[in-house]
Amino acid sequence: AQFDAHLARHAGDWRAYNNRGNAWRDLGELERALADYRRAAELHPRYALALGNSAVVLGDLGRVREARDTLRAALALVPDDAELH
């Protein structure tokens, strides 16, 4: 509810979308998490963490090829990121 209230006032806050995606993922709401990660990446196209988080959720959903492609896109943004590797 706090994320919803914040995003109602600050719809462009890409970090809040990513963080709400983390909360959804923790709750097992993977499709909602993916939607928020994608929104974060849409708002900040160079935000590799949102793409990396999307890749994890896609893998959890069994969408392995899409996960791989998303992870590659994240690595293209930050090729030296150890966590993404």
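Residues numbered from 1 in each chain as written. Predicted model: local features only at pLDDT ≥ 70, side-chain atom pairs only at ≥ 80, totals over all residues. Heavy atoms only, no water.

1. Focus: the side chain of Asp-36
Tracing the chain through its elements places Asp-36 in helix α3 (residues 30–43). Owing to a relative accessible area of 5%, Asp-36 belongs among the buried residues under this scheme. With sequence-adjacent residues up to four places away left out, Asp-36 is seen in contact with Tyr-17, Asn-18, Arg-20, Gly-21 and Trp-24. (Helix = DSSP H or I, 4+ residues; strand = E, 2+ residues; numbered from the N terminus. Buried < 20%, exposed > 50% of the residue type's maximum accessible area, 1.4 Å probe, protein only. Contact = heavy atoms within 4.5 Å.)

2. Description of the side chain of Ser-54
Here Ser-54 shows up in helix α4 (residues 48–60). In this structure the side chain of Ser-54 is engaged in a polar contact, spanning 2.9 Å, whose partner is the backbone oxygen of Ala-50. Contact partners of Ser-54, with chain neighbours within four places excluded, come to Leu-34, Tyr-37, Arg-38 and Thr-70. (Polar contact = N/O pair within 3.5 Å; in protein donor to acceptor, adjacent residues only side chain to side chain.)

3. A word on helix α2 (residues 14–26)
Residues three or four positions apart in an α-helix share a direction because the helix packs 3.6 residues into each turn. Counted at 1.5 Å a residue, the expected span for α2 with its 13 residues is 18 Å, and the 19 Å between its end C-alpha atoms agrees. Those residues of α2 that sit buried are Trp-14, Ala-16, Tyr-17, Asn-18, Arg-20 and Gly-21. Looking at the packing, one finds that the buried side of α2 touches α1 (2–9), α3 and α4. The residue sitting at the N-terminus of α2 and contributing the capping side-chain oxygen is Asp-13; that oxygen lies 3.2 Å from the backbone nitrogen of Arg-15. A positive backbone phi angle near 80° is found at Gly-28, which sits one or two residues after α2. (Expected span 1.5 Å × (residues − 1).)

4. Focus: α4
The terminal C-alpha atoms of α4 lie 19 Å apart, and with 13 residues this matches the ideal 18 Å at 1.5 Å per residue to within 8%. Buried residues of α4: Ala-48, Ala-50, Leu-51, Gly-52, Asn-53, Ser-54, Ala-55, Val-57 and Leu-58, and no others. Among the structural elements, α2, α3 and α5 (64–77) are those in contact with the buried residues of α4. Positive phi shows up at Gly-62, right after α4, with a value of about 80°.

5. A word on the nonpolar core
In terms of nonpolar packing, the biggest core is built from 14 residues, with Ala-40, Tyr-47, Ala-48, Ala-50, Leu-51, Ala-74 and Leu-84 touching the most fellow members. Counting only elements with at least two residues in this core, the list comes to α2, α3, α4 and α5. Every residue in contact with Leu-51, bar those within four places of it in the chain, is listed here: Ala-41, Thr-70, Ala-73, Ala-74 and Leu-77. The next biggest cluster of nonpolar side chains, apart from the first, holds seven residues, and it includes Leu-34, Val-57, Leu-58 and Ala-67. (Core = buried A, V, L, I, M, F, W, Y, C linked by side-chain atoms within 4.5 Å.)

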